[in-house]
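# Architecture and fold: a report
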Amino acid sequence: MRHPSSITSSSSLTPHPCDGATMLIASVPPTTMKLLILLLVSVSVTAFVPCNPPSSTRQQTETRAVSPGVNIALVTSSVALLSGYHVRLSIEEKNNQEQGSCVTWRQYQADAREQWARHVKDTDGWLYAIQTLRNAMTAQSFLASTVLSLLTLITGKVWDILRNASNKWERRLLIVQLITISAPMLFSANQFLQGVRLMTHAGFMFPVKNDTKVDNIMRKTESCQWLGLRSMYISIAPIAWVVGGGRAFFASSVALILFFRQIDKKPEGLGYEEFQASYI
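Notes on the structure in this doc start here. What you are looking at is a predicted structure, and each value in this text was computed from that prediction instead of being measured. (Residues numbered from 1 in each chain as written. Predicted model: local features only at pLDDT ≥ 70, side-chain atom pairs only at ≥ 80, totals over all residues. Heavy atoms only, no water.)

## A few points about a nonpolar patch on the surface
Together, Leu81, Phe250, Val254 and Leu258 make up an exposed nonpolar region whose accessible area comes to about 300 Å². Counting residues per element, the nonpolar patch draws most heavily on helix α9 (residues 236-264), at three residues. By secondary structure assignment, the location of Val254 is in helix α9. (Patch = residues over 30% accessible without salt bridge, like charges linked within 9 Å, V, L, I, M, F, W, Y side chains within 5 Å. Areas by Shrake-Rupley, 256 points an atom, 1.4 Å probe, with all protein chains shown as cover. Salt bridge = Lys/Arg side-chain N within 4 Å of Asp/Glu carboxyl O. Helix = DSSP H or I, 4+ residues; strand = E, 2+ residues; numbered from the N terminus.)

## A look at helix α4 (residues 68-99)
For α4, spanning 32 residues, the distance from its first C-alpha to its last is 47 Å, which sits close to the expected 46 Å at 1.5 Å a residue. Among all positions of α4, only Leu74, Val75, Ser78, Leu82, Tyr85, His86, Leu89, Glu93 and Asn96 are buried. Looking at the packing, one finds that the buried side of α4 touches α5 (105-123), α8 (213-234) and α9. (Expected span 1.5 Å × (residues − 1). Buried < 20%, exposed > 50% of the residue type's maximum accessible area, 1.4 Å probe, protein only. Contact = heavy atoms within 4.5 Å.)

## Notes on the pattern of salt bridges
One pass over the structure, following the stated rule, counts 10 salt bridges. Across the pair Arg88 and Glu92 runs a salt bridge, and its minimum N-O distance is 3.1 Å. One end of the pair, Arg88, and the other, Glu92, are both in helix α4, four residues apart, so they sit about a helical turn from each other. Residue classification places Arg88 among the partly exposed positions, given a relative accessible area of 48%. One salt bridge in this structure joins Glu222 and Arg113, with 3.3 Å as the shortest N-O distance. With Glu222 in helix α8 and Arg113 in helix α5, this pair connects stretches of sequence that are 109 residues apart. Both residues of the pair, Glu222 and Arg113, belong to the buried class. Where salt bridges share partners, they join Asp111, Glu114, Arg118, Lys121, Asp215 and Arg219 into one cluster.

Written as structure tokens, this is what we have:
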């Protein structure tokens with residue numbers, strides 16, 4: 001094995017067909033991620049600005065408002081839909097993993113990172129590994145800071161509304177809504193930071209460990225990135241709840257499930273079978 005000090009003298013390394021940077025960062029198409037972040041920013045900036053609609057508009061709003069029982073049913077159904085989808089996804093992944101097949105994009109990404117770690121050790125590609133890990137850590141650090149900034153903005157707006165609310169039930173509902181927004185966003189930022197921590201640790205372990213510990217760590221980093229992105233997406237639903245009530249919560253939940261079905265499906269046209277056989 002080449003000593004780590006030879007990093008500075010390495011001028012170029014032949015890239016592997018499995019491009020590490022792509023496998024580490026591109027869990028979601030960049031355009032889709034940018035659009036969703038812009039959506040979160042726009043909702044955060046405009047949704048919580050208090051307004052005083054004219055009396056006629058307020059009366060029309062009260063006429064169109066649904067009953068509390070219907071709101072509870074819509075919110076409960078939304079939570080059940082999102083939870084049921086992910087429980088079913090986990091069961092499918094577990095069953096297919098036991099059978100040695102691939103069912104989701106997350107599993108494909110985890111397999112790719114594990115093989116990437118093996119490739120780095122086999123070829124002594126330390127410079128290549130450092131560059132790839134640096135790019136991935138930068139991307140996840142940016143996502144973590146973005147989520148925390150949005151949460152700070154949302155919390156400030158909701159707190160202003162809470163102080164001006166006169167009805168105690170309205171205040172309690174706003175507190176519950178703020179918790180449902182904060183929980184997934186804080187969890188998202190935590191998972192992004194945990195992924196950065198694991199990749200930093202893997203960078204130090206590469207030159208000195210020849211076992212499968214680094215491979216397992218790189219596999220965990222994919223799980224952290226997936227959970228971070230998924231929690232960030234899910235936070236859109238409770239934000240919609242604050243903006244548009246139970247109907248908006250339900251509609252956004254259905255839209256999220258349709259979106260998740262597209263990004264979670266088995267990768268096609270990427271030669272997964274050949275890729276999987278290459279490292280088995």
